[in-house]
Amino acid sequence: MDLSTTYMGLKLKNPLVPAASPLSTDIDTIKQMEDAGASAIVLHSLFEEQISFDAEELDHYLSHGAESFAEAVTYFPQADEYRLGPEQYLEHIRKAKDAVNIPIIASLNGVSLGGWVEYAKQMQAAGADALELNVYFIATNPRLFAEDVDRVYVDILAAIKNEVKIPVAIKLSPFFSAMAAMAKRLADAGADGLVLFNRFYQPDIDLDTLEVVPSLVLSSSHELRLPLRWVAILHGNVPCSLAANSGISSGADVLKALMAGADIAQVASVLLRHGVGHLATMLSDMQAWMTEREYESVEQLKGSMSQKACVEPAAFERANYMKALNSYA
Amino acid sequence: MSTRRMVTIDGNQAAAHVAHALSEVIAIYPITPSSPMGEWSDEWSAAGRTNVWGTIPLIQEMQSEGGASAAVHGAAMSGALTTTFTASQGLLLMIPTMFKMAGELTPTVFHVTARTVATHALSIFGDHSDVMAVRSTGYALIASGSIQEVMDMALISHASSLESRLPFLHFFDGFRSSHEVQKIEELTYDDMRAMISEEAIAAHRSRSLTPDRPTLKGTAQNPDVFFQARETINPFYDKCPAVVQAVMDRFAKIVGRHYHLFDYVGAPDAERVIVLMGSGAEAAHETVDYLTAQGEKVGILKVRLYRPFSPKDFVAALPKTVKSIAVLDRTKEPGSDGEPLYKDVVTAMAQLLADGELGMPAMPRIVGGRYGLSSKEFSPAMVKAIFDSLRQSKPKNFFTIGITEDVTNSSLDVDYGFEIEADDVVRGMFFGLGADGTVGANKNSIKIIGEGTDDYAQGYFVYDSKKAGSMTVSHLRFGPRPIRSTYVINSANFVACHHWPFLEKFEILGSAAPGATFLINSPFPREETWNRLPRKVQQQIIDKKLKVHAIDGYHVAKETGMGGRINTIMQTCFFAISGVLPREEAIAKIKAAIKKTYEKKGEAVVKANWNAVDQALENMYEIKVPETATSTLEMPPLVSPEAPEFVRNVTAEMIGFRGDSLPTSKLSVDGTFPVGTTQWEKRNIAMEIPVWDPEVCIQCGKCSLVCPHAAIRMKVYDQKLLDGAPETFKSKKAIGKDFPDMVVTIQVAPEDCTGCGVCVEVCPAKNKQETRLKAINMEFQPPLRELERDNYNFFLKLPEADRSTVKLNTVKGSQFLQPLFEYSGACSGCGETPYVKLVSQLFGDRAIMSNATGCSSIYGGNLPTCPWTMNRDGRGPAWCNSLFEDNAEFGFGYRLTIEQQARFAAELATKLKTQIGAELVDAILSAEQHTEGEIRAQRERVAQLKQKISGNGSPEAHKLLEVADMLVNKSVWIIGGDGWAYDIGYGGLDHVLAQGRNVNVLVLDTEVYSNTGGQMSKATPRGAVAKFAAGGKPQAQKDLALMAMSYGSVYVAQVAMGANDAQTVKAFIEAEAYDGPSLIIAYSHCIAHGINMRGGLATQKQAVESGHFLLFRYNPDLAAKGENPLKLDCKRPSVPYSEFAYKQNRFKMLTKSMPEQAKALIEAAQRDVAARWAMYEHMAARPFAIGGDS
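Bear in mind the structure is a predicted one, so any value in this text is a computation, not a measurement.

So, how was this worked out
- Residues numbered from 1 in each chain as written.
- Chains lettered and ligands numbered in written order.
- Predicted model: local features only at pLDDT ≥ 70, side-chain atom pairs only at ≥ 80, totals over all residues.
- Helix = DSSP H or I, 4+ residues; strand = E, 2+ residues; numbered from the N terminus.
- Rg over C-alpha atoms; globule rule 2.2 N^0.38 Å.
- Buried ≥ 20, exposed ≤ 12 C-beta atoms within 10 Å, placed from the backbone.
- Contact = placed C-beta atoms within 7 Å.
- Pairing = 2+ DSSP bridges.
- Axes fitted to C-alpha atoms, helices over the stretch in contact; angles between N-to-C directions.
- pLDDT = per-residue confidence, 0-100.
- Nonpolar A, V, L, I, M, F, W, Y, C, P; charged D, E, K, R; others polar.
- Core = buried A, V, L, I, M, F, W, Y, C linked by C-beta atoms within 7 Å.
- Domains from an automatic or database assignment.
- Expected span 1.5 Å × (residues − 1).
- Parallel < 35°, antiparallel > 145°, perpendicular 65-115°, else oblique.
- Left-handed = near helix turned anticlockwise from the far one by under 90°.
- Arc of directions from axis to C-beta.

Okay, the overall build of chain B next. Along chain B, the regular secondary structure elements total 43 helices and 37 strands. What you see for chain B is a C-alpha radius of gyration of 32 Å, in line with the 32 Å of a compact globule of 1190 residues. Considered along the principal axes of its C-alpha atoms, chain B spans approximately 90 × 85 × 75 Å. Relative to its 1190 residues, chain B shows a buried fraction of 55%.

Listed below in structure tokens is the structure:
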């Protein structure tokens, strides 16, 4: 059976790709993911904000309280150099490349155009096979219109594409007024792949402390439906690869993503929950289903249930309650 | 030969540069002002810098200076090239080893920042009292006077020690030389290699102890041979001066600067000569140059090699025409008929005269004088005064200079108008707020000029005695010649005031020269700035014809993302208007310097600073000075007219930075000062202060408990007392059953609060409508100041709670008690002072305290004011700091007195039973004194007793009157930090704990030497970065509590107020109640942890939740009852160690400098936590029976 797939021009042995998560911060875990069947790995994100925050924080605390009391002119030793830029991350790419044979996709997270787009070039030089660009921000400014938000995404993508030759995917949030048009616009601006979707930290309220607690709950299968819809709609309509992300928890979920039209399925929560060995289970479950149904390759599956290919294209456009009413009737 | 470069560095760095390059083993211990030499060595070794032989020197911190010198002794004895750095008390602790090393002719160099030895008071500043105390050890003593000399003499010392075999002590003046920044020529490794004799090294190694050719040293000798053996070393001492001179001559050939054992400067036919050593010689040199240019026949003789003292070389260096000599000593030897250098000079000249070798027509008149104790200024005006005195036929001998000594009238009069500063030297004075980065920016300016131009540069920095809201004064000189002005600027042609409130309080323009430029950081709009100046300042500006520029630095800093740091902005303004460099060039140089400084901290920081430079230029403006002063603002008196006389006449002078002019007669003879004087200081340093919302408040008392400065307080009182309260005074009915019909007020001291916000963070009550608001909220101080001042004064007059009715063992109850420790100079948000204050509330009325040197002795005892105070009965903590190392034993001494005198009093009372009355005596002798009520009753009984015998003339009655107060229980508190308890004082602490006597030890555990700037202690956690542990501390921290518990007879508690305040209060009460030794280890967050101090208590909570710091109480009284004495007061660790650690810069910075090491250490630390918890859990859970384990 041929499980291989092509994602942004990268030939992958199967469609199962661990998404950006803390799992990839450890080289041993990266190796274990390869052993369990991962066909490529998206590294954890390098955050633009984190880099500038770390620099400012370090500067603040190294000088905090200094030069104000004769006996304690400073409070910390001065190191010759601090690794505050992307150096540690670049080193991590190099180590990951040395450790495994599968493609390594570096992930870059930023919210504005700035010097950090330079980091993309450095990631390429460090050996990354592709980049995944994770751009999101919460558009809280009431004077910021949809078009302004959209343009930021397109500009950042264009700037990064300008820096590198390796393929670049862009990971999106589902909160666009015109998702399909936005996807098309990004593909036209040079995106080699779209990753649908990223997930946010979302605020919760702690009733004991009366504090807002930002938290990220691990996803589960039911969350797959949102990416499933948009993958199915975009498949064949945008000239780039598609990756489904959010809620993919089982071999069955992978099959659904592929049938909707994804080139790969990205997984994270399920691995955090069950361990990276779960990749092997998902692969074998998927294979068992394909064997039983006599599928020969992943390519056969891909897009077979997309909006274009399915019996009832309107189903992907309908709002849920309509479907429910119909079925009741 | 590699070429030498010019560097702008301070004396510590200059000495360390040579010491590190020429050593294999460096044993260190922190002590101001020498610590930076050890810090540089540690940082350089951590970064892989090698010595001249290509290997990285090994740096080892020890537990005390005694330990450091002993390690140096052992290292040298076993063949290493070794060094150490110290000062003052540290040097004294090295004395026993120094006698040994000199007696054994063991080469080494001790680099010493000469600092005052503590006598009637501690002083961190510079004089030669420490160096003079080691004259008899046999060390060669060599002095440096300038930063260049520090580097040069360091090398000369290392070379000479190896060649002469004598150990050398190289000293330079604490702060004046150790901390002064100068542009100097840096010696290269080639220079050092050329200077050091490889044969001498080989010889040193061949003499070392080794089992491969064993020898015996350190014998015990008897009367038969000791004396003769002691005399064997004479030839080495005889030869030493010639060896040093030969080394100096070699140095001259290699480097070009030619030094001599004694260097004379001045007229060849001088009649009046001053002899001195150290940094004062630079000011004297400069003055002599000035005076000889005017034709005066004066000169100075600089002493370089002080021991072994060479009389012949001394006299040879003197001009033969000299008629009178003043020998200046920077030390005092009470009881001696003259200070040491004076006596050496007199002896040398008398000897040579007697031998007919003086070579002078007559014996000159020689007088001695003292100058510069504790870094007292020594300026050209004083040098001139001494020369003037030498003109007299009978010049004053044993004089003092630079002070008004009006008790025995030893001081010479000085004309302070005498100035010799050259016109082509730019002299800038910068008044900054400690936190605003002024000093750092000025150091940067010196580097810019020093390293980027041909000009010479000098910087000296003066700090005040407070850790929060302190004022810094930077003295910068730039000029075309090397700068010898080793004194602060008295005539500045540029003055900058970076913090507006200073203008309203202090004399800022007193040192401004006529026509000088004055730069102000003004928070007011352009058009308002002039009129906001106090009238006196305006008048000074007009009279001195100053050019005035201003900028709203805070605004620019805010707009450019610099936060509260205005350093770059003000520095830019200085360069733009001082004319020190052409403007464009200056700005380009600032930007380049910013890039160099901040590059390693990331591009974001560089850009933010660059932007600040541009914005500074945009926003600075010149103020047109009118012809007459227009302001109606008068500068208020520094202390209230209601303050006691001493505070008005003496303390206020010190507060106003005019302490230099206080005469001797105003000061106490034995170092005794009145308590309760911080209350008069009213520093007004908080921009925001807490405001109470009674509607939301639940009256828990936490805000009061955690306030580091006792600036938020709680009282419960009868509602009727509200009559006459100020209009805005707030109160609320007391919650709970304890105080029916009473009201509670929580009140802030608006002028004493430092604005840390810890109270707001800890407040658990939230406003129901708007949860961001609590029962305490921070608000802008200025509009509240007057109203809250009235409210606070009313509050203070309300009666204190009855100590016998409040529940002392609860947080709330404890906070109804008056704090007897208030408004200290501790850091804003300090983690230590809330514990100290709690002791003062619970036991202060009967407490006697010994306090180890460290932060707590500085905020507790640093002049001008005293935070310890007394209650309305005149009772309060009696406090004393003896030393760093002896604190436990010192406090233990109090207990011995108390026990002895209480017993004596009881014996006398029994003897006088019939006179006093049997009933009263029996009541006194059998009294329980556990509760506040019982103690009060005993006080009353003892008062009755005293009254009854006051008329009794018997000797017993007299004796009893002296000691009767000891019949009332006293509470002995021994307080100090972890540097004391874990390291330097551990031996003494251990002994005191083992004795079973009733003392209470409070360890304020910040896990680092906080006061000296964050050096590693044995309490420092694994993986934390500290000074002396630049690569992260590799070892786990010591478990002091466990060690104390091993006695079984010591009450031991670990507390962290931020994690469990109720447990803290309970532990303090139990510890004090325990009739034996108690040890409380209190986790104290600290500015040296690199945390947001406002959230310090949350850090404490995480320390406990992560298992880093366990809460428990070990009470031997429980063991006596057959119960397990150990009660764990915290839960199993629930937070990963990294979550606790990486919120603190001390841990996090290692992930940025040495990520792999950081990872390994944090993993090890996590394992430590698990192991510790498992052990304590087992110990607390095990069955326990009398006699130990069942």
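Let us now look at the overall build of chain A. For chain A, the helix and strand inventory stands at 12 helices and 12 strands. Relative to the globule expectation of 20 Å for 329 residues, the C-alpha radius of gyration of chain A, 22 Å, shows essentially globular dimensions. In terms of overall dimensions, chain A has C-alpha extents of about 80 × 45 × 45 Å along its principal axes. The buried share among the 329 residues of chain A stands at 48%. In chain A, the share of contacts with a sequence separation of at least 24, taken over all contacts with a separation of at least 6, comes to 73%.

Another point: the sheet that holds strand β29 (residues 878-880) of chain B. Within a sheet, adjacent strands bond to each other through the backbone by hydrogen bonds, running parallel or antiparallel. Residues and elements named next belong to chain B. An order of β29-β28-β30-β31-β33-β32-β34-β35 is seen for the 8 strands of this open sheet, with the pairing classed as mixed. Two strands close off the open sheet at either side, each with one partner strand: β29 and β35 (1126-1128). Averaged over all neighbouring strand pairs, the angle between strand axes comes to 15 degrees, with direction disregarded. Where strand β32 (residues 1051-1055) meets strand β34 (residues 1112-1114), 3 bridges bridge the pair, whose relative direction is antiparallel.

Residue and element names in this part refer to chain B. Reading across the sheet, the 9 strands line up as β1-β8-β17-β18-β16-β19-β20-β21-β22 and stay open at both edges, with mixed pairing between neighbours. Since the sheet does not close on itself, it has two edges, and those belong to β1 (6-10) and β22 (621-623), each with one partner. Pairwise comparison of adjacent strand axes, ignoring direction, gives a mean angle of 25 degrees for this sheet. Strands β1, β8 (181-185), β16 (426-433), β17 (456-463) and β18 (471-479) of the sheet are contacted by helix α15 (residues 438-452), whose axis makes an angle of about 10 degrees with β18. Against the sheet, helix α20 (residues 567-578) makes contact with β16, β19 (492-497), β20 (512-521) and β21 (547-551), and its axis sits at roughly 145 degrees relative to β20, the strand it touches most.

Next up on the list: the confidence of the model for chain A. If pLDDT is low for a region, its predicted coordinates should not be looked at in detail. The pLDDT averaged across chain A works out to 90; a share of 96% of its residues lies at or above 70. Counting interchain partners and residues more than four positions distant, the pLDDT-below-50 stretch residues 322-329 of chain A has 2 contacts.

Facing 33 residues of chain A, the contacting portion of chain B comprises 40 residues. The leading source of residues in the side of chain A that touches chain B is helix α2 (residues 48-63) of chain A, at 8 residues. In the side of chain A that touches chain B, the residues fall into 16 nonpolar, 10 polar and 7 charged.

Attention now goes to the nonpolar core. A general feature of soluble globular proteins is that nonpolar side chains tend to end up buried together. If you look at the biggest cluster of nonpolar residues, it comprises 435 residues, and the most contacted ones within it are Leu131(A) and Ile1080(B). When sequence neighbours within four positions are dropped, the list of residues in contact with Ile1080(B) reads Val1001(B), Leu1002(B), Val1003(B), Ala1053(B), Val1055(B), Ala1067(B), Phe1068(B) and Ala1071(B). Membership of the second largest hydrophobic core comes to 17 residues, among which are Leu908(B), Ile935(B), Ile949(B) and Ala964(B).

Residues and elements named next belong to chain B. Assigned domains within chain B: domain 1 (6-212 + 226-254), domain 2 (262-401), domain 3 (426-515 + 525-546 + 556-619), domain 4 (889-967) and domain 5 (1007-1189). Of note, the centres of domain 1 and domain 2, computed from C-alpha atoms alone, are 27 Å apart. Listed by partner, the interface residues are 27 residues for domain 1 and 22 residues for domain 2. Looking at the side of domain 1 that touches domain 2, the elements that each hand over two or more residues are α5 (129-132), β6 (140-143), β7 (168-173) and α10 (234-255). Class assignment for the residues of the side of domain 1 that touches domain 2 results in 14 nonpolar, 9 polar and 4 charged.

Glancing now at helix α43 (residues 1155-1181) of chain B. Residue and element names in this part refer to chain B. Compared with the 39 Å implied by 1.5 Å per residue over 27 residues, the 39 Å span of α43 between its first and last C-alpha is a close match. Among the residues making up α43, those that are buried are Ala-1158, Leu-1161, Ile-1162, Ala-1165, Val-1169 and Tyr-1176. At its buried positions, α43 is contacted by β34, β35, α41 (1137-1141) and α42 (1145-1153).

Residue and element names in this part refer to chain B. Here α15 crosses α20 at 45 degrees, and the two axes come no closer than 8 Å. In terms of orientation, α15 lies oblique with respect to α20. In terms of crossing hand, the pair formed by α15 and α20 is right-handed. In this structure, α15 uses Thr-438, Gly-440, Ala-441, Asn-444 and Ser-445 to contact α20, whose residues at the interface are Asn-567, Thr-568, Met-570, Gln-571 and Phe-574. Per-class residue counts for the contact of α15 with α20 are 3 nonpolar, 7 polar and no charged.

Turning to the pairing of strand β11 (residues 298-303) of chain B, a few remarks are in order. Residue and element names in this part refer to chain B. Of all 6 residues making up β11, 6 are buried, and the element is well covered by its neighbours. On β11, burial covers both faces: Val-298, Ile-300 and Lys-302 on one face and Gly-299, Leu-301 and Val-303 on the other are all buried. Relative to β11, strand β9 (residues 262-266) is paired through 5 bridges, and the arrangement is antiparallel. In the strand pairing of β11, Val-265 is matched with Ile-300. Of the strand pairs in this sheet, strand β10 (residues 272-276) and β11 are connected by 5 bridges, and their pairing is parallel. Looking at β11, one finds that Val-273 is bridged to Gly-299.

On to the environment of Pro57(B). Residues and elements named next belong to chain B. If you trace the backbone, Pro-57 turns up in the loop between α2 (35-46) and β3 (58-61). The buried category is assigned to Pro-57, around which 24 C-beta atoms lie within 10 Å. As a C-alpha pair, Pro-57 and His-20 span 37 residues in sequence and 6.9 Å in three-dimensional space. Once you skip the residues sitting within four places of it in the chain, Pro-57 turns out to touch His-20, Ser-23, Glu-24, Val-25, Ile-26, Ser-41, Ser-45 and Asn-51.

Here the focus is unusual backbone geometry. Geometrically, the link from Leu196(A) to Phe197(A) is a cis peptide bond, its omega value of 5 degrees lying close to zero. Secondary-structure assignment places Phe197(A) in the loop between β8 (193-196) and β9 (202-206). Backbone torsion omega between Leu863(B) and Pro864(B) reads 15 degrees, so that peptide bond is classified as cis. Residue position: Pro864(B) is located in the loop between α29 (855-861) and β29. You will see that Ser88(B), though not glycine, has its phi angle at about 50 degrees, which is positive. With respect to the helices and strands, Ser88(B) occurs in helix α4 (residues 88-103).

This paragraph deals with the environment of Pro482(B). Turning to its location among the elements, Pro482(B) is positioned in the loop between β18 and β19. Pro482(B) gets classed as partly exposed once you count the C-beta atoms within 10 Å, which come to 14.

Residues and elements named next belong to chain B. Tracing the sequence through the fold places Leu-842 in helix α28 (residues 833-843). With 156 residues separating them in the primary sequence, Leu-842 and Asn-998 have C-alpha atoms 17 Å apart. In contact with Leu-842, other than residues within four places in its own chain, are Leu-808, Ser-814, Leu-817, Phe-1068 and Ile-1069.

All right, on to helix α10 (residues 278-292) of chain A then. Three- or four-residue spacings in an α-helix give side chains the same orientation, since the helix completes a turn every 3.6 residues. All names here are of chain A. Taking 1.5 Å of rise per residue, 15 residues should cover 21 Å, and α10 covers 21 Å from first to last C-alpha, within 8% of that figure. Every buried residue of α10 is accounted for by Leu-279, Met-282, Leu-283, Met-286 and Met-290. Each buried residue of α10 lies within a common arc of 95 degrees when the element is viewed along its axis, so the set occupies one face. Opposite the packed face of α10, turned more than 90 degrees from it, sit the exposed residues Ser-284, Ala-288, Thr-291 and Glu-292. Buried residues along α10 sit in contact with β3 (16-18), α1 (27-35), α8 (251-260) and α9 (269-274). Positive phi appears at Glu-294, one or two residues downstream of α10, with a value of about 60 degrees.

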